[in-house]
Amino acid sequence: MITIAEMLRPRPSVFSDTAREDVLNLSDFAEGRIDSEKFFSENFRTQGMNSLFDMAFKRFKGDSDAGVIKLTQAMGGGKTHNMLALALLAADEQLRERILDKRYHGIGTIKVVTFSGRENADFGIWGSIAEQIGKRELFGGYYSPLKAPGESAWINLLKGQKVLLLLDELPPYLENARSITVGNSDLSRVTVTALSNLFSALGKEQLSNVCLVFSDLKAAYESGSQLLQSSFKELEAEANRIAIEIAPVALNSDEVYSILRKSIFEYGYL
């Protein structure tokens, strides 16, 4: 007979005052501070997370036309966590083969590019992306003065390789960018134009191996979210056709219970 103590064996991290898994962000991934084995051993895979994996890796396998995925849920709903899980799998082919279905083995190398709206970008979001791709000079004409790359510029930057773009917490970045003057406009408007051109470029065949995932924080940053959505005014029909929405956690299910159980206990028999 299994005892209560065996059924409810807490993880050592539960008693650690320095455990900060609940506040991990994209910067932690970019700086190599996440233990992937520990991450997946302590985190429950929700249906939303599985859907995200499926859609993204179908794209890299060449089986999907959906190049833009929007994670929707209020703050604390698991959007950043889902992005981190996808980033870890995309960056590590061996981990990917252990975690994912065999259908997505053999995809090869995927370049992971991240941007968090909590960070600064001296040369705009486009400059940060170009630098991580290793082609900073290709966007040299868009840095001084800052101006938005067009659709063809994005295609030239990203084509010819498998790239996962993760853009998180854009609303606070756009809010702050409103205070930075760029010519007769401001950085927020230039950024919105750059993002609009990027979204449009991802619908082109040349970028069929590129997948972009971004988070929607409308509930927490209403004005910033509206600013971001304004980039779709002229492309609303196309955006609705291209972008796929995923809710990371099904709040009307028992997934929250499963998440807590796996994060707290080492052996879950309940």
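Note that the coordinates shown come from a computational prediction; the quantities given were computed from them, not determined experimentally. (Residues numbered from 1 in each chain as written. Predicted model: local features only at pLDDT ≥ 70, side-chain atom pairs only at ≥ 80, totals over all residues. Heavy atoms only, no water.)

Undergrad: Explain the pairing of strand E3 (residues 163-168) residue by residue, including any values.
TA: E3 sits mainly inside the fold: six of its six residues count as buried. Across the two faces of E3 the burial is the same, with Val163, Leu165 and Leu167 and Leu164, Leu166 and Asp168 all buried. Bridge count for strand E2 (residues 111-116) against E3 is six bridges, and the pairing is parallel. Note that in E3 the partner of Phe115 across the bridge is Leu167. Here five bridges tie E3 to strand E6 (residues 210-216), and the two strands are oriented parallel to one another. Counted as the bridge partner of Leu167 is Phe214 from E6. (Buried < 20%, exposed > 50% of the residue type's maximum accessible area, 1.4 Å probe, protein only. Helix = DSSP H or I, 4+ residues; strand = E, 2+ residues; numbered from the N terminus. Pairing = 2+ DSSP bridges.)

Undergrad: Let's hear about helix H8 (residues 151-158): which residues, and what values?
TA: Think of an α-helix as turning once every 3.6 residues; residues three or four places apart then point the same way. Taken together, the buried positions of H8 are occupied by Ala153, Trp154, Ile155, Leu157 and Leu158. Taken together, the buried residues of H8 touch helix H7 (124-133), E3, helix H10 (187-201) and E6. A positive phi of about 85° marks Gly160, the residue just after H8. (Contact = heavy atoms within 4.5 Å.)

Undergrad: Kindly report on the pattern of salt bridges, identifying the contributing residues and their values.
TA: Between side chains of opposite charge, a pair can form as their charged atoms come close. On inspection of all chains with the given rule, the structure shows eleven salt bridges. For Lys38, the salt bridge identified is with Glu42, shortest N-O distance 3.5 Å. Residue Lys38 and its partner Glu42 are both found in helix H3 (residues 36-42); the two are separated by four residues, about one turn of the helix. The salt bridge involving Asp54 is made with Arg103; its shortest N-O contact spans 3.9 Å. Taken together, the residues span a long stretch of sequence, with Asp54 in helix H4 (residues 47-61) and Arg103 in the loop between helix H6 (93-99) and E2 at a distance of 49 residues. Residue class for Arg103 comes out partly exposed when judged on its relative accessible area of 45%. (Salt bridge = Lys/Arg side-chain N within 4 Å of Asp/Glu carboxyl O.)

Undergrad: Residue-level account of the packing of aromatic side chains, with values.
TA: Going through the model one piece at a time under the given rule, you end up with seven aromatic pairs. Here Phe39 and Phe40 contribute two aromatic rings whose centre-to-centre distance is 5.3 Å and whose plane-to-plane angle is 75°, an arrangement assigned as edge-to-face. Neither residue differs from the other here; Phe39 and Phe40 are each classed as buried. With a centroid separation of 5.4 Å and an interplanar angle of 80°, the aromatic rings of Phe139 and Trp154 are classed as edge-to-face. With Phe139 in the loop between H7 and H8 and Trp154 in helix H8, this pair connects stretches of sequence that are 15 residues apart. With respect to burial, Phe139 and Trp154 carry one shared label: buried. Among the aromatic side chains, those forming a connected cluster through ring pairs are Phe139, Tyr142 and Trp154. (Phe/Tyr/Trp six-rings, centres within 6.5 Å; stacked < 30°, edge-to-face > 60°.)

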